[in-house]
Structure formats: structure tokens, C-alpha cells
Amino acid sequence: MGIIPDRVREQLQARFEGALTGPVHLTLYVKPGSSRLILPAGVGCATCEDAREIAEALRDAAPEKVTLETIDVTRDVDKASMVSDVPTIVVSSSADEGRVRFQGLPAGTEFPALIEAVERVSRKDPGLSEVSLSQLTRLTEPTEVLVFGTPT
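Below, the structure is looked at part by part. (Residues numbered from 1 in each chain as written. Predicted model: local features only at pLDDT ≥ 70, side-chain atom pairs only at ≥ 80, totals over all residues. Heavy atoms only, no water.)

**Here's the deal with the packing of helix α1 (residues 6-19) against helix α4 (residues 111-123)**
(1) Moving on: Relative orientation of the contacting elements α1 and α4 amounts to 25°, with a least axis distance of 11 Å. Regarding the angle of α1 to α4, the classification is roughly parallel. For the element pair α1 and α4, the recorded crossing hand is right-handed. Where α1 abuts α4, its residues Val8, Leu12, Arg15, Phe16 and Ala19 lie against Phe111, Ile115, Val118, Glu119 and Arg123.
(2) Moving on: Residues that form the contact of α1 with α4 fall into these classes: 7 nonpolar, no polar and 3 charged. (Axes fitted to C-alpha atoms, helices over the stretch in contact; angles between N-to-C directions. Helix = DSSP H or I, 4+ residues; strand = E, 2+ residues; numbered from the N terminus. Parallel < 35°, antiparallel > 145°, perpendicular 65-115°, else oblique. Left-handed = near helix turned anticlockwise from the far one by under 90°. Contact = heavy atoms within 4.5 Å. Nonpolar A, V, L, I, M, F, W, Y, C, P; charged D, E, K, R; others polar.)

Next up, the structure:
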């Protein structure tokens, strides 16, 4: 059995059937070849295969709405320039405009946040109040917002 049990895959498919209205593009950045070995920083990726399984499960739950592109950061340096750590999953409505990123393995308590991000991107619903959206229109420079999530 993999990281995503069959029961969860079935639940994900049923959930996405009603929740996804528009396209979602996932981009997975990986550094393959090290499986679960613990290696020095910058060498290999101990969680990339698990991240691949998660991304593929999301795609397979709604293949008519969700597409997946996997980028090997050691081979495609041009496309890899936007990420500094692997694994990274970018959630966007097209292959060109990824703004939601999950760095690290989105398993455990991070998995529901990834599912919600896929649903919100599909519905084009940022989940912000009208007041927040109005204040964001006043920004004059590009702004990056980082949200850190961990149970510890």
C-alpha cells in the first residue's frame, strides 16, 4: 500500500466530483534518485516519491479537471528556477500562473490544506472577505505571503 490508501482515493474522487468546476494544473518539482535515504543537504530527495504519489492521486481523482507536470530540477534548470526546495507542489489554474506552493511533503495535517487549495483554485475562490480583496487591490508592488503550517 502506498501513502494514499484506496479508501482515501475513493473519497477524494467523490469530493472532487462535486467541488471542482474549472481546470487545475499541478506542477511537482522533484530531485529523483534517492528514495528514502537520508542524505546531506542538497543531495537527493527523501520525500519526492511520496509527493509524486500524492500529486498523482489528486490528478487521478479528477483527470478531466486536474493535470500534472513533473519537473526534475536537476535536468530542467530553466523551469526549476522558481523553486528552491524539493519537493514542491504548485497549484494553479493553468501551467503559467502558479501562485500557491506547498514546499515539503504535504502529508498528514497538510494534506487537507492541499485539497482545499485545489478546490479553491478550481472555483477561482480565494476564500477572502470583500474587505481583504478590496485592500489587496491597493497594493502597488508584488507581494509574497508565506503561510507556515505544522502541528509541532
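**Digging into the side chain of serine 122**
(1) Moving on: If you trace the backbone, serine 122 turns up in helix α4.
(2) Moving on: Residue classification places serine 122 among the buried positions, given a relative accessible area of 3%.
(3) Moving on: At 2.8 Å, the side chain of serine 122 forms a polar contact with the backbone nitrogen of threonine 21.
(4) Moving on: Setting aside anything within four residues of it in sequence, one finds serine 122 in contact with Leu20, Thr21, Gly22, Pro23 and Val24. (Buried < 20%, exposed > 50% of the residue type's maximum accessible area, 1.4 Å probe, protein only. Polar contact = N/O pair within 3.5 Å; in protein donor to acceptor, adjacent residues only side chain to side chain.)

**Quick look at the sheet that holds strand β2 (residues 66-72)**
(1) Moving on: Pairing is mixed in the open sheet, where 4 strands are placed in the order β2-β1-β3-β4. A strand with exactly one partner marks an edge of an open sheet, and here the two such strands are β2 and β4 (100-103). The average undirected angle you get between the axes of adjacent strands in this sheet is 20°.
(2) Moving on: Against the sheet, helix α2 (residues 48-61) makes contact with β1 (24-30), β2 and β3 (88-92), and its axis sits at roughly 170° relative to β1, the strand it touches most. (Pairing = 2+ DSSP bridges.)

**A short note on a nonpolar patch on the surface**
(1) Moving on: A grouping of Leu128, Leu133, Leu136 and Leu139 is seen on the molecular surface, where their side chains present a nonpolar patch of about 320 Å² in accessible area.
(2) Moving on: You can see leucine 133 is positioned in helix α5 (residues 130-136).
(3) Moving on: Judged by its relative accessible area of 31%, leucine 133 falls in the partly exposed class. (Patch = residues over 30% accessible without salt bridge, like charges linked within 9 Å, V, L, I, M, F, W, Y side chains within 5 Å. Areas by Shrake-Rupley, 256 points an atom, 1.4 Å probe, with all protein chains shown as cover. Salt bridge = Lys/Arg side-chain N within 4 Å of Asp/Glu carboxyl O.)

**Here's the deal with the pairing of β3**
(1) Moving on: Among the 5 residues of β3, 5 are classified as buried, and the element is accordingly described as predominantly covered.
(2) Moving on: Both faces of β3 are covered, namely the face carrying Thr88, Val90 and Ser92 and the face carrying Ile89 and Val91.
(3) Moving on: Bridge count for β3 against β4 is 4 bridges, and the pairing is antiparallel. When the sheet's bridge partners are listed, valine 91 is paired in β4 with valine 100.

**Description of α1**
Counting along an α-helix, one turn takes 3.6 residues, and residues three or four places apart therefore face a common direction.
(1) Moving on: Taking 1.5 Å per residue, 14 residues should reach 20 Å; α1 reaches 20 Å between its end C-alpha atoms and fits that length.
(2) Moving on: Those residues of α1 that sit buried are Leu12, Phe16 and Ala19. Viewed along the axis of α1, the buried residues span an arc of 70°, placing them on a single side of the element. Exposed residues on α1 whose side chains face more than 90 degrees from its buried face are Asp6, Arg7, Glu10, Ala14, Glu17 and Gly18.
(3) Moving on: Among the structural elements, α2 and α4 are those in contact with the buried residues of α1. (Expected span 1.5 Å × (residues − 1). Arc of directions from axis to C-beta.)

**Some remarks on the environment of arginine 123**
(1) Moving on: In this structure, arginine 123 sits in helix α4.
(2) Moving on: What makes arginine 123 partly exposed here is its relative accessible area of 35%.
(3) Moving on: Considered as a pair, arginine 123 and alanine 19 are 104 residues apart in the sequence and their alpha carbons are 7.9 Å apart.
(4) Moving on: Each residue touching arginine 123, except ones within four places of it in the same chain, is listed here: Ala19 and Thr21.

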